[in-house]
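Notes for the structure review
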Amino acid sequence: MEMLIDVTFNIQLKKHTFCNYQLKIGEKVMPLTFPQVLQLRNKINLLTTLDNLEHIISNENFVLLFIADRKHLVFLDIPTLLDLKEEISYTFSEF
């Protein structure tokens, strides 16, 4: 555990209060409500199916994604998209 003290992750999803979260992707920080996090999880799960990933890789290699009811637009490449899926999965594994 001591090795991770100085490591900063590119994607972080933090819970602030009961229904308020904060998503940080790179330098961009976005406040989210719990329903917005659920909606984001559904979008990410849809985008990261095997067929959709193959389609993304064969065409443009990135995804433009609206977050928080179209308040934020994020540019995600494939590794960042998979990291976001892992971070959201980790958040929901605590429930």
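So, how was this worked out
- Residues numbered from 1 in each chain as written.
- Predicted model: local features only at pLDDT ≥ 70, side-chain atom pairs only at ≥ 80, totals over all residues.
- Heavy atoms only, no water.
- Pairing = 2+ DSSP bridges.
- Helix = DSSP H or I, 4+ residues; strand = E, 2+ residues; numbered from the N terminus.
- Patch = residues over 30% accessible without salt bridge, like charges linked within 9 Å, V, L, I, M, F, W, Y side chains within 5 Å.
- Areas by Shrake-Rupley, 256 points an atom, 1.4 Å probe, with all protein chains shown as cover.
- Salt bridge = Lys/Arg side-chain N within 4 Å of Asp/Glu carboxyl O.

As a further point, take the pairing of strand E1 (residues 11–15). Successive side chains on a regular strand alternate, one facing one side of the sheet and the next facing the other. Sheet analysis places E1 next to strand E2 (residues 20–25), joined by 5 bridges and oriented antiparallel. Bridge pairing in E2 places Lys 15 opposite Tyr 21. Taking the residues between adjacent antiparallel strands as the criterion, E1 and E2 are bridged by 4 residues.

Judged by side-chain polarity, Leu 64, Phe 66, Leu 73 and Phe 75 come together as a nonpolar surface patch covering roughly 400 Å² of accessible area. When contributions to the nonpolar patch are tallied by element, the ones reaching two or more residues are strand E4 (62–67) and strand E5 (72–77). Mapped onto the elements, Leu 64 comes out in strand E4.

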